[in-house]
Amino acid sequence: MESRNTQLAVGFFVIIGVLALLFLGLRAANTSFSANGETYKLYAKFDNIGGLKERSPVKVGGVVVGRVSNITLDGEYYEPLVEMTISKKYDEFSNTSSVSVLTSGLLGEQYIGLSPGFIDDTVEMLDDGDYIQDTKSALVLEDLIGQFLFSQGND
Amino acid sequence: MPSFSGKLGGLKRKEEPVMTSANADDLVVIENLDFAHNYGAKEVFNGLNMKIPRGKITAVMGPSGIGKTTLLRLIGGQLKPQKGSIKFAGHNIPELSRSDLYEQRKRMSMLFQSGALFTDLSVFDNIAFPLREHSDLSEEIIETIVLLKLEAVGLRGARHLMPAELSGGMSRRAALARAIALDPELIMYDEPFAGQDPISMGVIVKLIKSLNSSLGITSVVVTHDVAEVLTIADQVFIVADQKVVASGSPEELKQSDDPLVQQFLEGEADGPVAFHYKAPSLAKEVLGKDINEGEGHAG
Amino acid sequence: MLDKVAALGKTVLDNIAGAGKAMVMLVRALIGKPQLRKSWPLLMQQMYSVGVLSLIIIIISGLFIGMVLGLQGYKILVDFGAEQSLGPMVALSLLRELGPVVTALLFAGRAGSALTAEIGLMKATEQLSSLEMMAVDPLRRVISPRFWAGFYSMPLLALIFSAVGIYGGYLVGVRWLGVDEGAFWSVMQSNVEWGQDILNGIIKSLVFAFVVTWIALHKGYHCVPTSVGISRATTSTVVTASLAVLGLDFVLTALMFG
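Since this is a predicted model, take the numbers as computed values, not measurements.

The next subject is the interface of chain A and chain C. One frequent convention defines the size of an interface as the accessible area lost when the parts assemble. Residue-level contacts link 22 residues of chain A with 27 residues of chain C. Across the interface of chain A and chain C, roughly 2400 Å² is buried in total on both sides, 74% from carbon and sulfur atoms. Ranking the residues of chain A by area buried against chain C places Phe13, Leu24 and Arg27 of chain A at the top, with a combined share of 26%. Our count for the contact surface shared by chain A and chain C stands at 1 salt bridge. It is helix α1 (residues 2-28) of chain A that provides the largest number of residues to the side of chain A that touches chain C, a total of 17 residues. Residues of the side of chain A that touches chain C, tallied by class, amount to 13 nonpolar, 6 polar and 3 charged.

Moving on, we come to the packing of aromatic side chains. Inspection of every chain in the model, using the stated rule, returns 15 aromatic pairs over all chains. For the ring pair Phe23 of chain A and Trp185 of chain C, a centre distance of 6.1 Å and an interplane angle of 90 degrees mean the geometry is edge-to-face. A residue pair is termed interchain when its members come from two chains, as with Phe23 of chain A in helix α1 and Trp185 of chain C in helix α7 (residues 181-191). Through pairs of rings, three or more aromatic residues link up here, namely Phe147, Trp148, Phe151, Tyr152, Phe210 and Trp214 of chain C. Sitting over the ring of Tyr111 of chain A, Lys59 of chain A keeps its end group 4.6 Å from the ring centre. The positively charged end of Arg178 of chain B is found above the aromatic ring belonging to Phe118 of chain B, 4.7 Å away from the centroid.

This part is about unusual backbone geometry. The phi torsion at Tyr78 of chain A lies on the positive side, around 55 degrees, for a residue other than glycine. On the secondary structure map, Tyr78 of chain A appears in the loop between β3 (63-74) and β4 (79-87). With a phi angle near 50 degrees, Ala89 of chain B is a residue other than glycine that sits in the positive phi range. Within the secondary structure layout, Ala89 of chain B lies in the loop between β4 (83-88) and β5 (91-92).

A few words now on the packing of helix α8 (residues 194-221) of chain C against helix α9 (residues 227-257) of chain C. Residue and element names in this part refer to chain C. Remark: α8 packs on α9, axes separated minimally by 9 Å, with the N-to-C direction vectors making an angle of 155 degrees. If you check the angle between α8 and α9, you find them roughly antiparallel. Both α8 and α9 take part in a crossing whose hand is right-handed. The residue inventory of the contact of α8 with α9, partitioned by class, reads 15 nonpolar, 6 polar and 4 charged.

Right, let's talk about the packing of helix α5 (residues 168-179) of chain B against helix α6 (residues 198-215) of chain B for a bit. Residues and elements named next belong to chain B. It is the contact of α5 with α6, at a shortest axis distance of 10 Å, that shows an interaxial angle of 10 degrees. Here α5 is positioned roughly parallel relative to α6, judged by the angle of their axes. The handedness of the crossing between α5 and α6 comes out as right-handed. Listed contacts from α6 to Gly169, Arg172, Arg173 and Leu176 of α5 are Ser200, Val203, Ile204, Leu207 and Leu211.

Rules behind the numbers
- Residues numbered from 1 in each chain as written.
- Chains lettered and ligands numbered in written order.
- Predicted model: local features only at pLDDT ≥ 70, side-chain atom pairs only at ≥ 80, totals over all residues.
- Heavy atoms only, no water.
- Contact = heavy atoms within 4.5 Å.
- Buried area = accessible area lost by both parts, 1.4 Å probe.
- Salt bridge = Lys/Arg side-chain N within 4 Å of Asp/Glu carboxyl O.
- Helix = DSSP H or I, 4+ residues; strand = E, 2+ residues; numbered from the N terminus.
- Nonpolar A, V, L, I, M, F, W, Y, C, P; charged D, E, K, R; others polar.
- Phe/Tyr/Trp six-rings, centres within 6.5 Å; stacked < 30°, edge-to-face > 60°.
- Lys NZ or Arg CZ within 6 Å of the ring centre and 35° of its normal.
- Axes fitted to C-alpha atoms, helices over the stretch in contact; angles between N-to-C directions.
- Parallel < 35°, antiparallel > 145°, perpendicular 65-115°, else oblique.
- Left-handed = near helix turned anticlockwise from the far one by under 90°.

Here you go:
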């Protein structure tokens with residue numbers, strides 16, 4: 001019957017569509033860190049964040065553990081405040097950890113490098129909403145050149 | 001246009017609105033109908049009155065472009081008149097709600113000029129379509145009904161053909177079978193003879209007659225094929241000038257001395273219905289000035 | 001001069017009236033209790049003619065567009081020594097833009113024009129009128145299943161387009177030009193995200209599906225039922241739908257990624 005063939009064809013069409021979605025979801029997209037997973041938030045204040053953007057990755061030794069979820073100016077002196085959403089899988093950072101704004105390659109995107117601090121009895125672990133005190137700002141090329149010229153002038 | 005006045009032998013003039021209470025013998029009663037296309041830009045009917053007797057064949061004739069098809073669409077509720085009432089079995093069609101209108105439409109059907117068969121369905125499925133839509137009959141019963149309807153129009157052998165494979169006459173007969181599938185009380189035929197060869201024309205004339213006499217279906221035939229329709233019609237309305245200008249039985253009309261009726265029945269080129277579309281005089285248009293010596297209107 | 005102003009006014013009024021008619025048509029077609037038993041086979045039939053029959057053109061276009069993206073992207077990226085970024089470049093262009101947009105354009109040309117012509121012809125041959133006279137609402141019977149078929153088919157087609165396109169980019173980039181296979185996929189994975197990229201692409205193509213199918217049905221349903229009228233309506237469907245897709249794409253992109 002013709003309607004049966006039609007239904008079969010439509011069925012295959014839908015299956016191919018769903019397979020395409022699965023392919024895109026599993027093969028092309030980042031599934032290890034999804035926005036839906038369990039996360040917690042950390043905050044850090046920088047002097048200068050350079051080219052950091054929302055959704056820039058937060059990496060520990062090159063491994064993505066989270067993303068920048070919000071950037072605002074905070075406090076009396078308008079310091080950039082970066083909110084980072086970190087996967088719950090990595091929740092054992094001590095409050096001696098440090099963050100710095102780094103650049104991947106010479107021309108690459110900027111990201112946040114998180115270096116875990118030492119752990120002993122006297123330090124506490126970072127919890128949701130905690131601030132990371134030890135921060136290092138982005139290197140701004142103009143500042144570097146300026147410093148270089150200044151130090152040349154002093155010689 | 002000459003005005004129609006004076007008594008005409010055997011003819012009821014319809015110029016005055018005749019207000020009568022709905023007669024049980026009239027299936028469709030149209031009173032004081034005003035209708036214009038394009039929000040009043042093109043007036044089609046002005047004070048039209050018509051009564052269609054139950055169980056009879058009524059012919060509506062008139063020159064082309066006079067709005068005969070429009071009249072059928074008004075009865076079917078596809079168009080809404082600006083004024084007046086159209087009563088179908090006592091229900092005023094223009095004022096019905098959408099669902100009531102659809103309920104009434106199940107009691108009538110229309111044979112379109114082109115047949116309007118669904119091109120993606122076979123002849124069988126076309127005729128089964130209204131049954132499947134409006135009844136919960138089982139497939140076996142539907143098949144029986146469809147075969148009976150096809151037998152009535154002589155197309156039982158063509159049930160597996162697609163509409164594209166039918167000749168013009170056959171597709172009109174198939175459409176007729178579909179129109180009677182739900183045993184309607186009223187069938188409206190829109191130019192059923194247009195573009196038919198003499199044989200299929202004869203077949204359709206015979207079918208209209210036999211459906212009317214055997215099933216008692218009220219039939220309204222809109223046409224300008226005078227000779228064919230006069231052989232079967234019980235009642236004839238001639239529509240011109242936005243209203244009914246003459247009505248009566250075929251015999252009465254033939255004896256009429258109304259120039260318009262005679263022009264129409266005899267098929268004369270010019271007369272009360274002018275051969276020329278309204279235009280300024282030829283001389284004025286061609287020569288740019290008016291010549292007074294009766295040269296004006298050709299014909 | 002005044003004539004021109006009047007003509008402009010008439011055009012504006014006609015367009016507003018047209019939009020109003022289109023709105024009424026859609027609302028009347030979609031509102032009302034669905035009759036699953038009757039509408040399911042109709043939907044299947046339309047999914048077949050709108051979706052399945054568009055599959056070939058979608059797959060072939062997707063493959064070629066992905067391959068071109070792979071080739072062009074490689075030529076540009078290799079100058080910066082960033083050919084590893086070929087994966088995300090191909091995937092993001094397809095998922096965010098080309099998948100939904102090109103699918104919608106092809107759909108307007110392939111299925112939209114067919115819908116308009118079909119409905120226009122049904123109108124010209126009085127099939128729609130005869131449905132009405134048979135007490136069957138043509139909006140529910142003819143318009144509604146076609147609308148839903150278009151609405152469901154296009155996102156599926158867009159997903160297939162993107163998937164095939166990424167595969168095309170992979171064929172050219174990895175198999176032919178020698179980008180490292182592992183880098184191609186892993187860099188892609190670290191840059192493509194469900195919510196941001198795939199989901200937004202699907203939302204885009206749902207919006208396009210709605211608009212393109214609606215325009216096609218409206219142009220057919222309200223066409224002048226003559227051969228000239230139908231051919232004009234068909235052309236108008238492709239032009240209007242394509243422009244609407246491109247314009248809406250800008251708006252949606254600005255909202256989603258702006």
